[in-house]
Structures are given as structure tokens and as C-alpha cells.
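Fold and contact review
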Amino acid sequence: MTTEKELPRITPDGELTSYPPIEQWDDWEEYDANAWPERVINKFRLVPTTCFNCESACGLLAYIDKDTGKIQRFEGNPEHPGSRGRNCAKGPATINQVDDPERILYPLRRVGARGGGEWERVSWEDALADIGGRIGKAIREDRHDEIMYHVGRPGEDGFMDRTLKAWGIDGHNSHTNICSSGARVGYALWSGYDRPSADFANAKFILLLSAHLETGHYFNPHAQRITEARERGAKIATVDPRLSNTASMSDFWLSCWPGTEPAMLLAIAYLLLKWDAVDHEFMRRWVNWKDSLTERYPERPPTYREFIEVLKDEYARFTPEWATDECGLQEGQIEVVAREIADAGHAFSSHTWRSVGAGNLHGWQGARTLQFLHVLTGSVGTVGGLSPSGWVKFKPPHWNMPPPHSRWNEMLWPKEYPLAHHEMSMLLPHFLKEGRAKLDVYFTRVYNPIWTNPDGFTWLEVLKDESKVGLHVALTPTWSETAWFADYILPMGVSAERHDTHSYETHAAKWLGFRQPVLRVAAERDGRKINRTYETNPGEVWEETEFWIDLSWQIDPDGSLGIRKWFESPNDPGRPVSVDEYYGWMFENSVPGLPEKAAEKGMTALEFMRRFGAVEVERDVYMVNEAPVPGIAPDDDGIARKNGTPVGVEVHGAVVQGFKSPSRKLEWYSRTMEDWGWGDEAIPGYQKTHVYWRDMDMAGTERILVPTFRLPTLIHTRSGNAKYLYEISHGHPLWMNTIDAEVLGFETADLVRIETDSGHFVMRVWATEGIRPGVVAASHHLGRWRINDDSGNERWSSALVNLEELGDGKWRLRQLKGIEPFTSDDPDSERIWWKDPGVNQNLAFPVHPDPISGMHAWHQRVRVVQAQPGDRYGDVVVDTNKSHEIYKQWLAKTKPGPGPGGLRRPLWFDRPVKPTADAYRTS
Ligand code: SF4
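Sequence positions are assigned chain by chain, starting from 1 and proceeding in written order. Side-chain atom pairs in this predicted model are given and counted only at pLDDT of 80 or more, local residue features only at pLDDT of at least 70, and totals for whole chains, interfaces and linings cover all residues. To get the side-chain values, all heavy atoms of the structure are used, and hydrogens and water are removed first.

1. Re the overall build of the chain
To be explicit about the condition: Only DSSP runs of H or I reaching four residues or more are called helices, and only runs of E reaching two or more are called strands; each is numbered from the N terminus. We call a residue buried when its accessible area falls under 20% of the maximum for its residue type, exposed when it is over 50%, and partly exposed in between, using a 1.4 Å probe and counting protein chains only. Contacts were defined at the residue level, with two residues in contact if any of their heavy atoms lie within 4.5 Å. Per-residue accessibility takes into account occlusion by the displayed protein chains alone, with areas from the Shrake-Rupley method and a 1.4 Å probe. When charges are counted, Lys and Arg contribute as positive and Asp and Glu as negative, whereas His and the chain ends are disregarded. Think of each charge as sitting on NZ of Lys, CZ of Arg, CG of Asp or CD of Glu.
Counting its regular elements, the chain contains 28 helices and 34 strands. Based on the C-alpha atoms only, the size of the chain along its principal axes is roughly 80 × 75 × 70 Å. Every one of the 923 residues in the chain was classed for burial, and the buried ones make up 66%. By sequence separation, contacts in the chain at least 24 residues apart represent 72% of the contacts at least 6 residues apart. When the accessible area of the chain is evaluated, it comes to approximately 32,000 Å², of which 48% is carbon and sulfur surface. In the chain, 105 side chains carry a positive charge and 132 a negative one; their mean positions are 2 Å apart.

As C-alpha cells, then:
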């Protein structure tokens, strides 16, 4: 810090700039705001990295104080093509995660009983030797399926693929089936791509089935583009039973009964067909209309004109009048939105991800019917329309990638769910309880299933049982409810302390982002030689890339398992590959245009990425289905194949790329669904949800609980240590319409007991007109808890609780105290003024796996009653025997494989760490 005269302006007088020019990032000077009115100048080095606080992977710029060597703050990286220098509140809050006075800085090993809360510090060497030795033994004894890696937010793109392939295990587990399996199936059945990519910036009309703009999937990159479209005159409709922030900013709010959304969407399809607001040229080229007719309607002439008649017949019952009643909408709303969609034509864009897909039995039909509207209007791959995510997501090949393995782990991919997207992770504890298998080494990474998943007490029971889970290793920078039941806690870096690459479908362009440890980069720019990231991280915090390299080395120290070779340095096989070698190879060899861009600036590709943090690979990505495939003739079925792999399709005499479905067209009728026993759901349709409003006793106390909505400023289970965020969001009421409140006898702040099928929890009521009557809702971010007063979870956000096993599968969690100020190295911890930790409602939700998608149907049929004598705020009481019975009831809805040809799963369905085709076959 220096006190000097006046800093020069960086722009001409009268002009403003938001960001320091990149030429000055190594030597940035600015006034210290705290010193005002004195002109004290602080000197910074600015190093880009990537936010890890949601999936969007926005660019961040770390301001590293040159005097202290510490990160002072994070702002946006203007060089990032996805976020363009902007962030939501969660981005800058990364500094709280770095400076968290309660973070775990050293590896810990359990002492005493699991979950007993006693730990000892252990060296990384001992931890790696113990864990690596145990995995190596399991692999040598052919117990590959006993090794499992379970990730919540991956935040990386391919390194774990290579690690698990190198180990030769089918052990990748994810959180997808509590998140997005439903929407994925809906999209994948059309095109083979299981995610959408909206071109919001150029849209004329945007239909959001969620609180997306404000709290959704690609929050900031999408929100800024939706806002731009709106400024240019685009209109927005939001479908949500809650008046979310997004709904309140929209032109139309459609408050459907939860689970009826597909009925509304099919009524819009009905109108588009009736008005002939259909792009027939697109449909004729790109819909599998001929197969649809010959296979599902063989008695009808196989002409396009007849196909349109079939569509009109199939959807004749979805009149706006009928759907308005079925969905509980206001008269005329469906017609108005349908007219906007018809008028927008190719510039109609949309999004759904959680919402209907994540809430309901058959919820996947939400994405399936929404995509139908794009198919009808031809707004697929267009400017302002909707593309498959795979067109813009850029995943560069990794260095020295091992080949696919040939194993199939039925604990992850059970026969009951052959079409699930993806692993049936939420059923793991039930499978373990049933004795289907056991785990020897179980990693949790950025994953907190006891708190996050439905039926957390069943997770707790299983994680405590060493006969079911031999060794639980939690890779985490912070404590969590689940880490408390680990054997090892290994501290891993937050977003500014690690390397990863990533790319997401933020807009109609491809880009690659680079997350990097900013203090390591700064130290290297200062001329220090850094070998490993932990040398510049706090305490003994590692980064995972280096962890997996070293662990793999420990699993196979002499190379006899054939694992070590995948992690040896290309320059010196006697030592592990370094991150510079690894990512340097990727940027130099796998990213089109990057070496040239770097050379223009006199840099290597790695230096370019370290300097800019991201690179745009291609812009204006549209109509990739129409890209010519030269030199390959189609087979008799019209599909062009290269070495047996489909690469194109013949359309009107020319071979073009098409989509990734079996026909390489957009499949209205899905032969796959028919073949696997779901012929009645093979076309976009509408089936009753498990929380169907007409089946409920609304005159009594039954209501639909919507527990899926997000707060825009919190991060699932990872914002507990972010004081900036908790100061903004720290209340957890039950949203209840004023009409329901009056009928049920509640006023705002009254205690209310919510009874689910496996237990109950107790919250406080917020009577509001911002939710439709008959529906109650509670955000899913709050309700963190800890068992010990001064350890086990973040005191900025968690309640101290008493966890009681009442016997015979009955559990009660009771809050002993809420959030209180505490003493730490951060003086702000003594200034905490918020008190409400919220309620861990997910504990009281039994699993509801949709029989097709495998998605947990989060919405609950609940009874909303007065708190009983003895009830206290925050109480959660659950009977895990009941929840296991409910698991069995839902399991009975499935149609187990194998399917045609003895397949465990359709070969064309994506899955993480895809094995060889052999592994798909049961015989
Ligand atoms: S939207 Fe917010 S939390 Fe998500 S990556 Fe961007 S800045 Fe981070």
C-alpha cells in the first residue's frame, strides 16, 4: 500500500469502464475505498479463474494484493465469453469460502466410532497410502464394483472420466437423479441430446417452466441474455405455482397445478396445429414422421399430410378449455401464450430443467412436450430458438485418455431402471440395506446426501454401518452433515485453488473456461518455482487433479495393474504428470484456434489460458443438423456411418449431420420407448402426477408441497460459510396462500406441522398471495445442522441439533439453538444478526423414483396441520422403515430390463463414463 498523488484515468474524460484493461492486470493500482478521503493506493495482480458456485462456470478475476500476497476480492472476468464480466452474488462470495475461518485445512482421520465426532490429523502420505492400498487390493481381488466415486457438483469436465477408466471401474455416481434426470429424458427422446441450449439473446418470445431467470440452472449467463432480449422487446412467460422473482418480471405468469404443465403445453400444440402455425418444411425434413406412421399407425397412409392429421387426432382432446380447467389457469392465458409462440416462430426460446421434470411422476414429459412446441414451430437450431446443448458444449479431448472399461455396476445402473438418466444414486442406501452389494471405498465429493437427498436418515443409517460402507472418504473444503460420517476428510481447494476445464451451453457459441489456482499463478509470475498447488494453498489444502494423480500412483505403485502408466509424465515416466504438462497438452492439441490465438500474442496456449481464463472456440453456432457430411454414402436405412458409428443422415438426397437419435431425426414417436415396454408413453403426452390435485383432499388438510425452488443467493449445501450470502438470505418460511391460511387457521409466523408419508417437520407459515391456493412451498437451500457446538458444520448457517434414534427406524432431529454470533479469526462472526437456520425438510421425504427417468419426484402430498403440543420449530421426525416401504412401492412401478437383444440399456442413450458395448449386454 502506498500513499501517492493521483492515479491516471484509464478512459477519456466522460467515458466509463467497468474493468481494468487486461494489459494492466499484472500491475493494477486503485484507491483503497476504506482509506477515503485519503488517496491510498493499493497494488494488485489480477488473475482469472472460474466460479464454482453453480454450474454456469462464470469467469472470476482474483485481486491479489501485492503487499500481503492475499486474495482481496473477486470480480467478474470480462474476457469470459459466457459471463462477459458479470456475476451473481455467489461469484464475489467466493472470497468468503477462501477466508472461511472454520474451513478444514488438514487431512483428518476418524478416531472412535463413525459419526462420533472425534478426529486426528493425518499426513497426506499416510492417507494416500491407506486409501490407495485399499483400492489396489480391491482391484487385484476383482472387487471393482466396491469402489465408488459419488459427486454432487462436478465442476470439471473429463478428469474423472480418465481416472475411472484408468482404474477400470464402473464406479461413477452423480446427483443427477435428484436434479435433472426428468428433463434429460424428455429432451433425449427427441434428439439424443439430453440438455437444451437456448439462444435467449435473440429470442422474441421466451417460455420458462421454472423460476429460471432468477434462480435456475445457468443463472447469470442466461439471465443477462434474457434481460437483453427483453430490452429489445421480447416477451416472457413464466410457468410456476409461485410468483417467483422471474414470474413477477414476466409478461405472463401461468400458475399451473404442479404436474399439469404437459397438459398446458399440449394445448398450445393443439392451437399451433389448429392455426397451422407450423413450419412444415422443417417438420418434413427433420421429424421422423414416416417411421412414426409406419410403426405406430400402420393402417394410415405414410404421407406427411397424414402425419399432421395424426397429430391433430392425438391432441384433439387438449383443447384450451379443457387444459385451462385441468391446469387451473385463467381463461385465455393458453391462447395468449400460444399466439406469442406462433408469432415468434423461429425466434421462440424456452427452458425447463427442474420444475415439472424434477417434481413429478412422469415429469419428464414436461421437457418432451416443451420441445414439441419447438419442433412444430421449427425453432430448433435457429437464431433466437433452441438448440441441443451438445452443439455448443465444448469438451476437448484429454491427454492420454484410457479406453472405455467393460464393466457394468448394477448398484448404479440397476435392471429396474434401464432408461434412467443417469445413475440411480438416491437408491444406493436402499440397495445397501437390501444387501444387493457392499462398498469397500466410497468417495463423496462436493456431495452431502444426508442433507441434500430425500430420506437422509436412511443415508445416515447406512453410512454409519461399516459392514455396508467399508471406508468413506469425504473430499471437501468444509464440514457437512455427510462429512461427519466419514473416515477420512481430505480438504480440497475451492474455486480459486484448483485446476479444471469446463464449457456450458450459455448461448449460441462454444467456449472453454479454465479454473486455476490464482495464488499459484501469481507466485509463478513472481518467479517462484511451484511444483504442486498445495504449496500456495492455505494449510494443507490440495487440488483434486493432483490428488487423483497421486492416488492412482499409490493404487499401482509398480505399474503392474496397468493404472500408473496413465498418470506418468510424458517427459519423465518416473514421476507423475504435472498439471502444466496435462493442461498444456490439452490447450496445445485439442482446442481449435487456441494455439494460433496464443501465438498472435506471443504466448503458448497454456500461457494464454492462464492469462485470459477462457477462450471462445466458435460463435454463432446454429443449424448444426444441416452441416454436410461429405464423402460418406448412406446405408439402406438412410443413416451414414463411419466405421459403424452413425455420423449423418440422408435428407432429400444429401447427407447431413442430423441429430443423435437412432433415426438421426427428431423423434416424435420413440421406438425405443415401445421396445422397452413403454409404448403408451412413446409420444409426447400427459400422465397424472403423484400429486394430482383432483386426487387430493383439498377440502381437508392435504396440500401439494413444492420443495424444489431455489434462492438466487444460496448454493445448495456449499454457501454455509458465505457470510455475504447468508446476510442476504436466511429465512425459511412455508409459503402458503392467504386463502389456505385462513381455511387452515394460520397466520404468518405460526408454527405448522407438515406431514409427509414417512414423517413430519415443523416450520413457520408465511401467508402470501404469491402462491396458488392448494400449493405450499419451501426453498431447498436452508436447514443446515451440526451435532457438535463448535465443529461439524458452518456456524454462519447451521443449527445445533440433537439427533435422537427413537428406536425401530424412528429418528428425530431437534434444534437446540439457532444461528448465533461466535468468535473466530473473522470479526464479522461476532456480528451475525440472523438467527433462522431453517428446516432440513428433505429428511422427511421418502424416495419417489420415476420408473422411466429415475428422477426423484420431489413434490410431496402433505397434510398441513397445526403444530402439536411438544412440537418445536425445526423438528424433523422420520420413520425409515416406512420410507423403505415407499421405496418398494415405487420400485414396483418399473419395467425391468433387459430389453431387446439382452441389453441393459439402449446403446444410443448417453451415460457418464460410458463402457464398451459388450458391457451393455447381459448375455
Ligand atoms: S451464475 Fe453466479 S454462482 Fe453461477 S457461476 Fe456465475 S457467478 Fe458463479
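2. Observations regarding the nonpolar core
Threshold: Residue types Ala, Val, Leu, Ile, Met, Phe, Trp, Tyr and Cys, when buried and joined through side-chain atoms within 4.5 Å, form a set referred to as a nonpolar core.
Grouped together as the largest cluster of nonpolar side chains are 194 residues, with contacts concentrated most on Leu207, Met283, Phe307, Leu311, Leu373 and Trp668. No other element matches the 11 residues that helix α8 (residues 261-275) contributes to this core. With near-sequence residues (within four places) excluded, Leu373 lies in contact with Leu207, Leu265, Ile268, Ala269, Leu272, Ile341, Phe348 and Ser379. Judged by nonpolar contacts, the second largest core, of 62 residues, contains Trp399, Phe547, Ala598 and Ala605.

3. So, the pattern of salt bridges
For clarity, the cut-off: Counted as salt bridges are all cases of a side-chain nitrogen of Lys or Arg within 4 Å of a carboxyl oxygen of Asp or Glu.
Taken as a whole and judged by the stated rule, the model has 80 salt bridges. Residues Arg84 and Glu228 are paired through a salt bridge, measuring 2.8 Å at the closest nitrogen-oxygen approach. In this pair, Arg84 is assigned in the loop between β5 (71-76) and α1 (94-99) and Glu228 in helix α6 (residues 219-231), connecting sequence segments 144 residues apart. Where Asp789 meets Lys817, a salt bridge forms, and the shortest distance between an N and an O atom there is 3.2 Å.

4. Comments concerning the site of the ligand
The condition is simple: Nearness of a residue to a molecule or strand requires only that one of the residue's heavy atoms be within 4 Å of it. Amino acids outside the nonpolar list (Ala, Val, Leu, Ile, Met, Phe, Trp, Tyr, Cys, Pro) and the charged list (Asp, Glu, Lys, Arg) are all regarded as polar, and Gly is one of them.
Every residue near the ligand is listed here: Cys51, Asn53, Cys54, Ser56, Ala57, Cys58, Asn87, Cys88, Lys90, Gly91 and Asn220. Looking at the shell around the ligand residue by residue, the class counts come to five nonpolar, five polar and one charged.

5. Structural notes on the pairing of strand β4 (residues 59-65)
This is how the line gets drawn: What makes two strands pair is DSSP finding at least two bridges between them.
The buried fraction of β4 amounts to seven of the seven residues, a majority that puts the element mostly inside the structure. Bridge count for strand β3 (residues 40-50) against β4 is seven bridges, and the pairing is antiparallel. Looking across to β4, one finds that Thr49 is bridged to Leu60. In this structure, β4 lies alongside β5, joined through five bridges in antiparallel fashion. Across the sheet, the residue bridging to Leu60 is Gly76, located in β5. Between β4 and β5, which follow one another and run antiparallel, lie five residues, and Gly69 among them has a positive phi close to 75°.

6. Some details on the packing of aromatic side chains
Rules: Working definition: a ring pair exists when centres of Phe, Tyr or Trp rings (six-membered ring for Trp) sit within 6.5 Å. Plane angles under 30 degrees give stacked, over 60 give edge-to-face, the rest tilted. Whether a charge sits over a ring depends on NZ of Lys or CZ of Arg being within 6 Å of the ring centre and within 35 degrees of the ring normal.
Using the criterion set out here, one finds 46 aromatic pairs in the structure. Between the aromatic rings of Phe431 and Tyr887, the centroid separation amounts to 6.4 Å while the plane-to-plane angle is 65°, which identifies the pairing as edge-to-face. Of this pair, Phe431 sits in helix α16 (residues 428-434) while Tyr887 sits in helix α27 (residues 880-891), and the two are 456 residues apart along the sequence. Taking 5.5 Å as the distance between ring centres and 55° as the angle between the ring planes, the aromatic pair formed by Phe514 and Tyr583 counts as tilted. Residue Phe514 is located in strand β20 (residues 509-515), and its partner Tyr583 is located in helix α21 (residues 579-589); the two are separated by 69 residues in the primary sequence. On the accessibility criterion, Phe514 (0% relative accessible area) is buried. Following the ring pairs from residue to residue traces out a cluster consisting of Trp190, Trp289, Tyr297, Tyr304, Phe307, Tyr315, Phe318, Trp322, Phe372, Trp668 and Tyr686. Seen from the ring of Phe567, Arg162 lies directly overhead, with NZ or CZ sitting 5.2 Å from the centre.

7. As for the sheet that holds strand β6 (residues 108-110)
Short version of the rule: What counts as an axis is a line fitted to C-alpha atoms, over the stretch in contact for a helix, and the angles between N-to-C directions run from 0 to 180 degrees.
Ordered in space as β7-β6-β18-β17-β16-β8-β9, the seven strands form an open sheet in which the pairing is mixed. Strands with a single pairing partner mark the edges of an open sheet, and in this sheet they are β7 (119-121) and β9 (172-173). As judged from the three bridges shared by strand β17 (residues 469-475) and strand β18 (residues 488-490), these two strands associate in the parallel manner. Bridging from a neighbouring strand, Leu475 pairs with Leu490 of β18. Against the sheet, helix α18 (residues 456-464) touches β8 (147-151), β16 (439-445) and β17, its axis set at about 115° to β17. Packing against the sheet, helix α20 (residues 544-555) makes contact with β8, β16, β17 and β18, and its axis sits at approximately 165° to β16.

8. Section: the side chain of Thr94
Rules: Whenever a nitrogen or oxygen atom comes within 3.5 Å of another N or O atom, the pair is scored as a polar contact, on the condition that within protein one atom can donate a hydrogen and the other can accept it, and that pairs from neighbouring residues in sequence are kept only if both atoms are in side chains.
The topology assignment puts Thr94 in helix α1. Classification of Thr94 by relative accessible area gives buried; the value is 0%. A distance of 2.7 Å separates a polar atom in the side chain of Thr94 from the backbone oxygen of Gly91. Here Thr94 is in contact with Cys51, Asn53, Leu60, Phe74 and Ser495, once residues within four sequence places are set aside.

9. With respect to the pairing of β17
Of all seven residues in β17, seven are buried, a share of seventy percent or more. One ladder, built from six bridges, connects β16 with β17; its direction is parallel. Bridging from a neighbouring strand, Phe443 pairs with Val473 of β17.

10. Focus: the environment of His398
Turning to its location among the elements, His398 is positioned in the loop between β15 (386-388) and α16. On the accessibility criterion, His398 (7% relative accessible area) is buried. The spacing of His398 and Pro301 is 97 residues in sequence and 50 Å in space, taken between C-alpha atoms. The contact partners of His398, leaving out residues within four places of it in the chain, are Asp157, Gly158, Phe159, Thr501, Tyr582, Trp585 and Met586. Only 2.6 Å separates the side chain of His398 from the side chain of Tyr582, close enough to count as a polar contact.

11. Examining the packing of α21 against helix α23 (residues 605-612)
Helix packing for two helices is described by the angle between their axes and how far apart those axes are. The line we're drawing: The labels follow the angle: roughly parallel below 35 degrees, roughly antiparallel above 145, roughly perpendicular from 65 to 115, and oblique for the rest.
Direction vectors running N to C along α21 and α23 enclose 100°, while the axes themselves pass 8 Å from each other. Compared by their axis directions, α21 and α23 come out roughly perpendicular. For the pair α21 and α23, the contacting residues are Asp580, Tyr583, Gly584, Phe587 and Glu588 in the first and Ala605, Leu606, Met609 and Arg610 in the second. Here the residues of the contact of α21 with α23 are counted per class, giving five nonpolar, one polar and three charged.

12. Focus on the environment of Lys601
Checked against the element boundaries, Lys601 lands in the loop between α22 (594-600) and α23. Measuring from C-alpha to C-alpha, the distance between Lys601 and Ala508 comes to 26 Å, with 93 residues separating the pair along the chain. Once residues lying within four places of it in the same chain are set aside, the contact partners of Lys601 are Phe608 and Phe612.

13. Points about the sheet that holds strand β21 (residues 614-619)
With antiparallel pairing, three strands are arranged side by side in an open sheet as β19-β20-β21. Either end of the sheet is taken by a strand with one partner, and the two such strands are β19 (500-502) and β21. Each neighbouring strand pair of the sheet contributes to a mean axis angle of 15°, computed without reference to strand direction. Note that β20 and β21 share five bridges and pair antiparallel. Note that in β21 the partner of Ala509 across the bridge is Arg619. On the sheet, α21 packs against β19 and β20 and is oriented at approximately 30° with respect to β19.

14. A short note on helix α3 (residues 159-167)
Judged by how many residues are buried, α3 sits mostly within the fold: nine of nine residues are covered. Looking at the packing, one finds that the buried side of α3 touches α2 (124-140), β8, β9, β16, α20 and α21. The positive-phi residue at the C-terminal boundary of α3 is Gly168, with phi of around 70°.

15. Overview of unusual backbone geometry
Note that the residue after Trp36, namely Pro37, is joined by a cis bond; omega there is 10°. Summarising the element assignment, Pro37 is placed in the loop between β2 (28-31) and β3. Cis geometry marks the peptide bond from Gly897 to Pro898; its omega dihedral reads 5°. Turning to its location among the elements, Pro898 is positioned in the loop between α27 and α28 (917-920). Of note, Asn400 is a non-glycine position whose phi angle comes to about 55°, a positive value. With respect to the helices and strands, Asn400 occurs in the loop between β15 and α16.

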